[in-house]
Amino acid sequence: MAKQALITGITGQDGYHLSELLHAKGYTVYGLMRGQQNPKRGRLEQEQPFIKLVEGDLTDQSSLIRAIELAKPDEVYNLAAISHVGYSFKTPQLVADVTGKGTLNVLEAIRLTGGTKSIRFYQASTSEMFGGLDYNRPGKGYDEDALFHPRSPYGVAKLYAHWITKNYREAYGIHASCGILFNHEGERRGLEFVTRKISNAVARIHLGKQDHIELGNLDSKRDWGYAGDYVEGMWLMLQQAKPDDYVLATGETHSIRDFLELSFKQIGIDDWKPYVKQNPAFMRPSEVDILLGNPAKAERVLGWKRKVDFPGLVKLMVEYDIGIESATNLV
Ligand code: NAP
Ligand code: GDD
């Protein structure tokens with residue numbers, strides 16, 4: 001019998017990669033989509049017709065119960081969230097409702113429909129929960145035992161979601177695992193995130209459609225991997241006999257300047273500085289200065305390992321954006 005999976009956040013970056021992976025493995029894939037007229041519906045129906053779309057919203061408990069009753073999933077991947085850290089400072093209460101309490105709503109939908117013993121649950125936890133204060137294990141990278149100190153309303157909401165998932169595992173015996181994922185990027189990354197903002201601008205500068213890019217803090221560092229590699233780790237977590245929490249990361253950290261440097265090199269520009277203006281509008285009230293993950297447990301227990309390295313990621317993203325931008329006349 002083919003397995004059934006329900007993915008919340010189906011229109012997001014990870015929803016794309018995970019649904020492709022599960023489809024290739026023979027799953028029947030259900031995707032929760034919000035809004036009465038979601039602008040991404042058309043693209044999804046055209047590109048991924050295998051996905052069975054279910055309407056619903058993380059803030060609407062009854063819609064989640066309906067989605068579970070309809071999909072009868074073996075596995076639920078909770079990827080839905082308001083996921084932009086900068087935006088979370090502007091809408092902190094909404095982010096608490098969606099990114100934080102929304103996770104409780106999904107867990108409750110599983111419990112209320114009697115799925116605590118039959119459904120396996122994945123929670124999209126994040127390195128933002130660590131907050132970049134490298135006070136407890138300098139240089140080693142954050143692992144599953146590192147201290148949490150979130151630095152944004154998003155990080156705080158995700159920490160609630162993380163702990164409520166662990167609580168449902170302990171209280172009700174749900175096979176619920178949290179993937180503490182460090183930044184992962186790719187050709188499906190939203191244009192509001194720094195890597196894709198850069199790769200897209202570099203492509204447009206190359207094609208003469210744009211002459212500069214405006215960014216905020218250039219000094220922060222991130223542990224950047226490729227999203228396609230990371231969804232494999234999510235799936236592996238739910239295939240284990242016992243639920244647990246795992247860090248997925250590359251074990252390397254690079255600054256925004258490094259990303260700019262490699263991206264501009266792709267189009268033959270060695271000095272990127274004349275093309276970049278700093279704009280305080282993109283700065284955050286409190287910043288996560290550095291993220292570095294330690295994926296040793298995932299590598300040992302799950303046999304997971306990232307495949308795409310940092311230069312490979314930058315190349316893939318810039319090349320994709322040059323292709324997309326060349327194919328359209330829009331400026
Ligand atoms: P993303 O591209 O921003 O996708 C977020 C998804 O959540 C979208 O499908 C969005 O739908 C949906 N959503 C937002 N509000 C909702 C609501 N009220 N009800 C139902 N769905 C809602 O994020 P991503 O990069 O794929 O990341 C997936 C998950 O992993 C997120 O939870 C994110 O916080 C977490 N995470 C991401 C990273 C990373 O580096 N990418 C790292 C660690 C953790 P619309 O399209 O309708 O807005
Ligand atoms: N978005 C954005 N836009 N970020 C900028 C810009 C800009 O114009 N200029 C500088 N930055 C800096 C941010 O201040 C931050 O230090 C860094 O670039 C990365 O920002 P994002 O790409 O927005 O990602 P993030 O690290 O804040 O959050 C992402 O990764 C988390 C995991 O660590 C998101 O995907 C989160 O959902 C995820 O949990």
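Here the structure is a predicted model, which means the values were calculated and not measured. (Residues numbered from 1 in each chain as written. Chains lettered and ligands numbered in written order. Predicted model: local features only at pLDDT ≥ 70, side-chain atom pairs only at ≥ 80, totals over all residues. Heavy atoms only, no water.)

Undergrad: Explain the domain arrangement of the protein chain here, please?
TA: Frequently, the measure chosen for interface size is the accessible area removed from exposure when the parts meet. According to the domain assignment, the protein chain contains domain 1 (4-185 + 226-248) and domain 2 (194-221 + 253-291 + 309-328). Once you take the C-alpha centre of each, domain 1 and domain 2 turn out to be 27 Å apart. Contacts between the two partners involve 14 residues from domain 1 and, on the opposite side, eleven residues from domain 2. Where domain 1 abuts domain 2, roughly 1,100 Å² becomes buried across the two surfaces, and 65% of that area is made up of carbon and sulfur atoms. The largest share of the area that domain 1 buries against domain 2 comes from Phe89, Arg151 and Glu185, three residues that together contribute 41% of it. The interface formed by domain 1 and domain 2 contains zero salt bridges. Inspection of the region where domain 1 meets domain 2 yields three residue pairs in polar contact (both at pLDDT 80 or more). The greatest single-element share of the side of domain 1 that touches domain 2, amounting to three residues, is contributed by helix α4 (residues 85-90). (Domains from an automatic or database assignment. Contact = heavy atoms within 4.5 Å. Buried area = accessible area lost by both parts, 1.4 Å probe. Salt bridge = Lys/Arg side-chain N within 4 Å of Asp/Glu carboxyl O. Polar contact = N/O pair within 3.5 Å; in protein donor to acceptor, adjacent residues only side chain to side chain. Helix = DSSP H or I, 4+ residues; strand = E, 2+ residues; numbered from the N terminus.)

Undergrad: Help me understand the site of ligand 2, please; the structure alone is not making it clear to me.
TA: Around ligand 2 sit 23 residues in total, of which Ser83, Thr126, Tyr154, Arg284 and Glu287 are the nearest. One of the backbone N or O atoms of glutamate 192 is found 2.9 Å from a nitrogen atom in ligand 2. Here an oxygen atom of ligand 2 sits 2.9 Å away from a polar atom, N or O, in the main chain of valine 194. The protein chains hide 95% of the 720 Å² of surface that ligand 2 would expose on its own. Within the shell around ligand 2, the residues separate by chemical class into eight nonpolar, eight polar and seven charged. (Near = heavy atom within 4 Å. Areas by Shrake-Rupley, 256 points an atom, 1.4 Å probe, with all protein chains shown as cover. Nonpolar A, V, L, I, M, F, W, Y, C, P; charged D, E, K, R; others polar.)

Undergrad: Sorry, what's going on with helix α3 (residues 61-71) here?
TA: Structural remark: α-helix, 3.6 residues per turn; residues separated by three or four positions point the same way. Burial in α3 covers these residues: Ser63, Leu64, Ile65, Ala67, Ile68 and Ala71. In this structure, the buried side of α3 is in contact with β1 (4-8), β2 (28-33), β3 (52-55), β4 (75-78) and α5 (92-112). Following α3 by one or two positions, lysine 72 has its phi on the positive side, about 40 degrees. (Buried < 20%, exposed > 50% of the residue type's maximum accessible area, 1.4 Å probe, protein only.)

Undergrad: What exactly am I supposed to notice about the side chain of serine 177 here?
TA: Its location among the elements puts serine 177 in strand β6 (residues 175-181). Given a relative accessible area of 0%, serine 177 falls into the buried group. A distance of 3.1 Å separates the side chain of serine 177 from the backbone nitrogen of aspartate 244, its partner in a polar contact. What serine 177 contacts, discounting residues up to four positions off in sequence, is Phe121, Tyr122, Gln123, Arg169, Met237, Leu238, Pro243, Asp244 and Asp245.

Undergrad: Can you walk me through the packing of aromatic side chains in this structure?
TA: How two aromatic rings sit relative to each other is set out by the distance from centre to centre and by the angle between their planes. For the coordinates displayed, the defined rule picks out ten aromatic pairs. By way of ring pairs, the aromatic residues Phe130, Tyr142, Phe148 and Phe182 are connected into one cluster. The cationic tip of lysine 197 hangs over the ring face of phenylalanine 282; the distance from NZ or CZ to the ring centre is 3.3 Å. Looking at lysine 297, its charged tip hangs above the ring of tyrosine 246, at a distance of 4.9 Å from the centre. (Phe/Tyr/Trp six-rings, centres within 6.5 Å; stacked < 30°, edge-to-face > 60°. Lys NZ or Arg CZ within 6 Å of the ring centre and 35° of its normal.)

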